[in-house]
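Here is what each chain is made of, one letter per residue.
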Amino acid sequence: MAKLLAELNLPQDLKRLGPEERRQLAQEIRETIVNTVCKNSGHLASGLGSVEIFIAIHTVFDSPRDKIVLDTGHQGYPHKLLTGRYHRFHTLRQLGGISGFPKRDESEHDCWGVGHGGTGLSAAMGFAMARKHWLNCGVPADDPRVNYRVICVIGDAALEEGMAWEALHNIGHHKPDMVIILNDNGMSIAPSVGAIENYLRRHRQLPADWFRKLRSEPHYLQLKRMVEEALAKMGTAGEVTLEIIRHIKNNIKEWLIPPGMLFEELGFTYLGPVDGHNTEVLIECLHEALRIGGPVIIHAVTKKGKGVSYAEADPWKYHTPKTPFDPQTGEILVPKGTVPTYTDVFSQTLIQLAEQDSRIVAITAAMPDGTGLDKFAQRFPDRFYDVGMAEQHAVGFVAALAFAGLRPVCAIYSTFLQRAFDQIIHDVCLQKAPVVFAIDRASIVGHDGHTHQGIFDISYLRLMPNIVLMMPKDENELRHMIFTALRYEDGPIAVRYPRDTGVGVPMDDELKELSIGKGEWLRDGTDAVIVGIGPIVYTALEVAQRLEKDGFSVGVINARFIKPIDKELLADAVQRAGKLITVEEHTLCGGFGSAVLEALCDMGLHHVPVLRIGIHDHFVEHGSLKELRRMLKLDAEGIYEQVKAWLHEVVPVREGVFQVRPKNRVLAED
Ligand SMILES: Cc1ncc(C[n+]2csc(CCOP(=O)(O)OP(=O)(O)O)c2C)c(N)n1
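Residues numbered from 1 in each chain as written. Predicted model: local features only at pLDDT ≥ 70, side-chain atom pairs only at ≥ 80, totals over all residues. Heavy atoms only, no water.

What about the overall build of the protein?
Of regular secondary structure, the protein possesses 26 helices and 19 strands. The C-alpha atoms of the protein give 28 Å as radius of gyration, which agrees with the globular expectation for 670 residues (26 Å, within 12%). Partitioning the intrachain contacts of the protein with sequence separation of at least 6 by distance along the chain shows that 76% fall at a separation of at least 24. For the protein, the computed accessible surface area is about 27300 Å², with 53% contributed by carbon and sulfur atoms. Across the protein, the 73 positively charged side chains and the 86 negatively charged ones have centroids separated by 2 Å. (Helix = DSSP H or I, 4+ residues; strand = E, 2+ residues; numbered from the N terminus. Rg over C-alpha atoms; globule rule 2.2 N^0.38 Å. Contact = heavy atoms within 4.5 Å. Areas by Shrake-Rupley, 256 points an atom, 1.4 Å probe, with all protein chains shown as cover. Lys, Arg positive; Asp, Glu negative; His and termini not counted. Charge placed at Lys NZ, Arg CZ, Asp CG, Glu CD.)

So, the sheet that holds strand β5 (residues 295-301)
Here 5 strands make up an open sheet; going across it, the order is β1-β2-β3-β5-β4 and the pairing parallel. The sheet is open, and its two edges are formed by β1 (67-70) and β4 (269-275), each paired on a single side. Each neighbouring strand pair of the sheet contributes to a mean axis angle of 20 degrees, computed without reference to strand direction. Bridging between β1 and strand β2 (residues 150-155) involves 4 bridges; their strand directions are parallel. Counted as the bridge partner of valine 69 is cysteine 152 from β2. (Pairing = 2+ DSSP bridges. Axes fitted to C-alpha atoms, helices over the stretch in contact; angles between N-to-C directions.)

Considerations on the pattern of salt bridges
What the rule picks out here adds up to 47 salt bridges. Arginine 441 is the salt-bridge partner of aspartate 440, the closest N and O atoms lying 3.1 Å from each other. For the residue pair aspartate 440 and arginine 441, the accessibility class agrees, reading buried in each case. For the salt bridge of aspartate 474 with lysine 473, the shortest nitrogen-to-oxygen distance reads 3.9 Å. (Salt bridge = Lys/Arg side-chain N within 4 Å of Asp/Glu carboxyl O. Buried < 20%, exposed > 50% of the residue type's maximum accessible area, 1.4 Å probe, protein only.)

Observations concerning the site of the ligand
Taken together, 23 residues lie near the ligand, and Ser46, His74, Gly117, Met187 and Glu391 sit nearest. With respect to the ligand, the backbone of glycine 115 contributes an N or O atom lying 3.0 Å from a nitrogen atom. Within the side chain of lysine 304, a nitrogen or oxygen atom sits 2.9 Å from an oxygen atom of the ligand. Protein burial of the ligand: of its 590 Å² of free accessible surface, 98% is covered by the chains. Residues belonging to the shell around the ligand are distributed by class as follows: 8 nonpolar, 10 polar and 5 charged. (Near = heavy atom within 4 Å. Polar contact = N/O pair within 3.5 Å; in protein donor to acceptor, adjacent residues only side chain to side chain. Nonpolar A, V, L, I, M, F, W, Y, C, P; charged D, E, K, R; others polar.)

Remarks on the environment of glutamate 331
Tracing the backbone through its elements, the reader meets glutamate 331 in the loop between α14 (309-313) and α15 (342-356). A sequence separation of 10 residues divides glutamate 331 from proline 321, and the C-alpha atoms of the two residues are 9.7 Å apart. Look past the residues within four positions of glutamate 331 in its chain and what remains in contact with it is Tyr318, Pro324, Phe325 and Asp326.

Comments concerning the pairing of strand β8 (residues 407-413)
Of all 7 residues in β8, 7 are buried; the element is thus mostly enclosed. On β8, burial covers both faces: Arg407, Val409, Ala411 and Tyr413 on one face and Pro408, Cys410 and Ile412 on the other are all buried. With 5 bridges connecting them, strand β6 (residues 360-364) and β8 associate as parallel partners. Looking at the pairing, threonine 364 lines up with alanine 411 of β8.

Quick look at the pairing of strand β16 (residues 580-587)
By the criterion of burial, β16 is predominantly enclosed, with 8 of the 8 residues buried. When strand β13 (residues 528-532) meets β16, the two strands line up parallel, connected through 4 bridges. Bridge pairing in β16 links valine 529 to leucine 580. Crossover handedness for the path β16 to helix α24 (residues 592-602) to strand β17 (residues 610-615): right-handed. (Right-handed = clockwise from strand over helix to strand, strands pointing away.)

Focus on the packing of aromatic side chains
Under the counting rule described, the total for this entry stands at 12 aromatic pairs. Between the aromatic rings of tyrosine 318 and phenylalanine 325, the centroid separation amounts to 6.2 Å while the plane-to-plane angle is 70 degrees, which identifies the pairing as edge-to-face. Owing to a relative accessible area of 4%, tyrosine 318 belongs among the buried residues under this scheme. Of the residues examined, phenylalanine 325 reaches a relative accessible area of 2% and is grouped as buried. Counting every residue linked through ring pairs, the aromatic cluster contains Tyr199, Phe263 and Tyr270. For the cation-ring pair, lysine 67 lies above tyrosine 148, with the distance from its terminal atom to the ring centre recorded as 4.9 Å. (Phe/Tyr/Trp six-rings, centres within 6.5 Å; stacked < 30°, edge-to-face > 60°. Lys NZ or Arg CZ within 6 Å of the ring centre and 35° of its normal.)

Quick word on the sheet that holds β16
Spatially, β12-β14-β13-β16-β17 is the arrangement adopted by the 5 strands of the open sheet, whose pairing is mixed. Each of the sheet's edge strands pairs with one partner strand only, and the pair in question is β12 (520-523) and β17. Across this sheet, the average inter-strand angle for adjacent strands is 25 degrees, counted without regard to direction. Two strands pair when backbone bridges link them, and β13 and strand β14 (residues 554-558) are joined in this way by 5 bridges, in the parallel orientation. Paired with valine 529 across the two strands is glycine 555, which belongs to β14.

Describing α24
Three or more residues of α24 are buried, namely Phe592, Gly593, Ser594, Ala595, Val596, Ala599 and Leu600. The elements touched by buried residues of α24 are α20 (457-462), β13, β15 (561-563), α23 (567-577), β16 and β17.

Things to note about the packing of helix α22 (residues 536-549) against helix α26 (residues 636-649)
Contact geometry for α22 and α26: axes closest at 9 Å, N-to-C directions at 55 degrees. Comparing the axis directions of α22 and α26 gives the class oblique. Seen along the crossing, α22 lies across α26 with a hand that is right-handed. Side by side, α22 and α26 meet where Ile536, Thr539, Glu542, Val543, Arg546 and Leu547 of the first sit next to Ala636, Glu637, Ile639, Tyr640, Val643, Lys644 and Leu647 of the second. Along the lines of polarity and charge, the residues of the contact of α22 with α26 split into 8 nonpolar, 1 polar and 4 charged. (Parallel < 35°, antiparallel > 145°, perpendicular 65-115°, else oblique. Left-handed = near helix turned anticlockwise from the far one by under 90°.)

Some details on the packing of α23 against α24
How two helices sit against one another is set out by the angle between their axes and by the gap between those axes. Between α23 and α24, whose axes approach to 10 Å, the crossing angle comes to 80 degrees. Of the possible angle classes, the one that applies to α23 and α24 is roughly perpendicular. Of α24, the residues touching α23 (which contributes Lys567, Leu570 and Val574) are Val596, Ala599, Leu600 and Asp602. Partitioning the contact of α23 with α24 into residue classes produces 5 nonpolar, no polar and 2 charged.

In short, shape yes, function no, at least from these values alone.
Dropping the structure here:
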């Protein structure tokens, strides 16, 4: 029983706790996280590693008055537990329950909704500059528009995001009052990589706290300010002297004390490194940071998975462990299924093809295991690039790799590829770079919720000239699509596939090249044809069988290609049945159904009634895949209901011409 969490009125009561109770609270938070995540799934090791940081923040800051911004948000379970969500925490990531990420409409303590990395510093700066603005307008100090402080927590890997550096650039210029806690554990999901990691690693090796003491010493700061002011009064001679002093100081710093130079040079005060699991030191540091003013970075060194032996030993595995697992031992209790996931099939196929073609290289943005490229990296360490949390760079980088004669395969989740929208247009499509995009987690992803659903990529890719976009109906077809993509050299080509196990179909021995832009008939029909994209075509087949019992002859087409779309096949379907139904697990705004409508329009087939089934114009919350499909009417039952109702509405007015009478329309939840 988590006594303090259950009984305290948090976060207010935190302020009257002593060090011993804070330690007990930390223990309770860890136990609650482990006992919940082992059943509900979610982010384990990151939250365990940030417990003391959030206890310190909520001890010093006043939430919700102060703005506490989390970058990425996956580390935020302690924040949720410290802000009155303990009694609902057992609903974590469940349909209707609390989200796995900070969410503005979930709690007044979540001032910034997030799920993607790199957004926190910009948000914190926004809050800090708005405060400055209102102060300039003469708003009194006790007005809520100015009466707050701003703090952002960002991980060492999230700091790799381009947006984070754009924010640093801008914050260092305007210098608003804000505190940044750099939660540095040397880990992304996998171990952190790259130059920023190398820079931070040198700091982590220093004894904790030594530089903080010197740097934040009030006498040091006072003296520095006095000298600078005195020299400024001396005019040019003073400036020259100041420059000389700065030069000497910088050289001494570089030689003696490297910590934080980079941040200091950019206009921040750097405090660190400090032990990020010492709540008392963190509290002291936060007070100092607020006293110093301007943008202050506290570099907190933490251990991912802290306090839970198996998570500390293997924080990579326990970033988001498979569930259920034993909370005592960490043993994963879910049996390994026999049907491979789409990710597995992508990974195996790519390795197989790379054995035969030394031009193939693979690129991930900090998701080596999520994309299955960890296995590629083991087999071909020199042909694998983890660029870190840097999707925009990944896409620009692969474009040039392709121009230099390589065959880059860039594997990024649908939701994170959104970050690189312009790079795909400008660097890849515009220049016809023969890049292969492997878009994992395309479609609904489930418990990660609205920030992570892969339901927009068809819309944002379909509008780009020169790209080929496809989605397999099953894991066997995925193999052929990877093969086809690597054969295609005329420009960019993307294959999207879901986060799921495959359908369980037999696998062909030989890989075959698919004709670009050609779909296939799966079932004939004369009353209507369902044109589907992705594994949902199997659901469509089930629906067609049920409709047959109701007296409707419904055909099914597996479109395979979203772009170019198979116009001939569509015209054939219209010819045979006169009515079309499109199905997709994707937003209807600009999605696959829209592509079909556009094609019909372009072919002059204006009279064809079309029912588009997919996700209406809203974000999709968290829940299991099954629950979400039910809710969205994208399971067999839901599609059946929608199609049947619609077939009753569409009536012929004369030979080959129909009219839709939308009377009993069953629409998916808007
Ligand atoms: C734009 C974006 N890319 C990738 C991810 C997937 N992701 C979630 S957490 C994470 C690692 C974060 O590492 P860090 O910021 O150091 O925090 P830690 O988990 O180590 O505390 C990644 C890559 C994401 N959420 N957003």
